[in-house]
Amino acid sequence: MTSPLVRIELHPQEAKRLIGINYEHFLALVSLAEERHKEKQAEIEKNKIRIITKGGGRKPEMSSKEGICLCLVYLRQKPIFEILGLLFDVSKTKANDAFNYWIKILREILPASQMEEVQGDEEKYQKPTFLVAFMTRSQLLSNPSKPCLISI
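Figured I'd write up the structure that's included with this text. These numbers come from a predicted model, not from an experiment.

Digging into helix H6 (residues 92–109)
With 18 residues, H6 extends 26 Å between its outermost C-alpha atoms, agreeing within 8% with the 26 Å of an ideal straight helix rising 1.5 Å per residue. Among all positions of H6, only Ala95, Ala98, Phe99, Trp102, Ile103, Ile105 and Leu106 are buried. The arc that holds every buried residue of H6, seen down its axis, measures 165°, which confines them to one face. Residues of H6 that are exposed and point more than 90 degrees away from the buried face comprise Lys104 and Arg107. For H6, the elements touching its buried residues are helix H3 (23–47), helix H4 (64–77) and helix H5 (81–88).

Observations regarding the packing of aromatic side chains
Tallied over the entire structure, the rule returns 5 aromatic pairs. When the centroid spacing of 6.4 Å and the interplanar angle of 35° are considered together, the rings of Tyr23 and Phe26 count as tilted. Taken together, the positions of Tyr23 and Phe26, both in helix H3 and 3 residues apart, correspond to about one turn of that helix. Exposure remark for Tyr23: the relative accessible area of 16% places this residue in the buried category.

Digging into the nonpolar core
Counting 28 residues, the largest nonpolar core has Ile19, Phe26, Ile68, Cys69, Leu70 and Phe88 as the members making the most contacts within it. Elements with a contribution of two residues or more to this core: helix H1 (4–10), helix H2 (15–19), H3, H4, H5 and H6.

A closer look at the side chain of Ser64
Within the secondary structure layout, Ser64 lies in helix H4. We classify Ser64 as buried; its relative accessible area is 15%. In this structure the side chain of Ser64 is engaged in a polar contact, spanning 2.6 Å, whose partner is the side chain of Glu34. Excluding anything up to four places from it in sequence, Ser64 contacts Glu34 and Trp102.

Here's the deal with H4
With 14 residues, H4 should cover 20 Å at 1.5 Å per step; its first-to-last C-alpha distance of 20 Å lies within 8% of that length. Of the residues making up H4, those classed as buried are Ser64, Gly67, Ile68, Cys69, Leu70, Cys71, Leu72, Val73 and Tyr74. Directly beyond the C-terminal end of H4, a positive phi value near 55° is found at Lys78.

Quick word on a nonpolar patch on the surface
A cluster of nonpolar side chains, namely Ile80, Ile83 and Leu86, defines an oily patch on the protein surface of about 290 Å² accessible area. Note that Ile80 resides in the loop between H4 and H5.

Comments concerning the side chain of Glu14
Note that Glu14 resides in the loop between H1 and H2. Glu14 gets classed as buried once you look at its relative accessible area, which sits at 15%.

Some words on the state of the cysteines
The full count for this structure, using the stated rule, is 0 disulfides. No disulfide involves Cys69; its nearest neighbouring cysteine sulfur is the one of Cys71, lying 9.8 Å away.

Observations regarding the pattern of salt bridges
Note on pairing: side chains with opposite charge can pair once their charged atoms come close. Inspection of every chain in the model, using the stated rule, returns 8 salt bridges. A salt bridge links Glu39 to Arg36; its shortest N-O distance comes to 3.1 Å. One end of the pair is Glu39 and the other is Arg36, both in helix H3 and 3 residues apart, which spans about a single turn. One salt-bridge network, in which partners are shared between bridges, spans Arg36, Glu39, Lys40, Glu43 and Glu108.

What to know about the environment of Glu66
Along the chain, Glu66 falls in helix H4. On the basis of relative accessibility, which here comes to 24%, the residue Glu66 falls in the partly exposed class. A sequence separation of 62 residues divides Glu66 from Pro4, and the C-alpha atoms of the two residues are 8.9 Å apart. Residues contacting Glu66, with those up to four places away along its chain left out, are Leu5, Glu61 and Phe88.

The rules we used
- Residues numbered from 1 in each chain as written.
- Predicted model: local features only at pLDDT ≥ 70, side-chain atom pairs only at ≥ 80, totals over all residues.
- Heavy atoms only, no water.
- Helix = DSSP H or I, 4+ residues; strand = E, 2+ residues; numbered from the N terminus.
- Expected span 1.5 Å × (residues − 1).
- Buried < 20%, exposed > 50% of the residue type's maximum accessible area, 1.4 Å probe, protein only.
- Arc of directions from axis to C-beta.
- Contact = heavy atoms within 4.5 Å.
- Phe/Tyr/Trp six-rings, centres within 6.5 Å; stacked < 30°, edge-to-face > 60°.
- Core = buried A, V, L, I, M, F, W, Y, C linked by side-chain atoms within 4.5 Å.
- Polar contact = N/O pair within 3.5 Å; in protein donor to acceptor, adjacent residues only side chain to side chain.
- Patch = residues over 30% accessible without salt bridge, like charges linked within 9 Å, V, L, I, M, F, W, Y side chains within 5 Å.
- Areas by Shrake-Rupley, 256 points an atom, 1.4 Å probe, with all protein chains shown as cover.
- Salt bridge = Lys/Arg side-chain N within 4 Å of Asp/Glu carboxyl O.
- Disulfide = S-S within 2.5 Å.

Structure follows, in structure tokens:
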């Protein structure tokens with residue numbers, strides 16, 4: 001069975017269908033996530049008490065590119081982690097751990113949705129003048145003086 005990452009690398013035009021973004025955006029996302037991953041690892045190393053010399057220990061089973069692809073495949077296709085593990089040739093536990101690690105990094109580097117912004121500052125959005133301005137800016141209202149929804 002071909003890994004989704006291998007499939008995307010062989011056929012970049014299929015990236016949008018498999019992971020929801022095109023190949024160029026995927027590569028840009030990988031580079032941003034790798035930078036954030038290195039920053040997090042540097043923070044951990046700064047506070048770590050070492051027993052094993054630096055560079056020792058078990059090597060990761062998945063590359064950062066595979067981990068991000070796994071995360072995007074899960075968000076796009078919603079398979080169970082057992083199937084996701086089969087696709088990426090890891091156990092379901094490793095697939096779950098990789099997803100939970102990389103989703104945190106992706107949440108840090110990607111902007112929040114408009115709904116999450118509204119939930120974060122509810123009292124600000126309760127004011128009717130702000131709501132009308134927001135809906136006008138988002139093109140949900142055609143005329144702010146006549147608050148009726150745009151007809152389709």
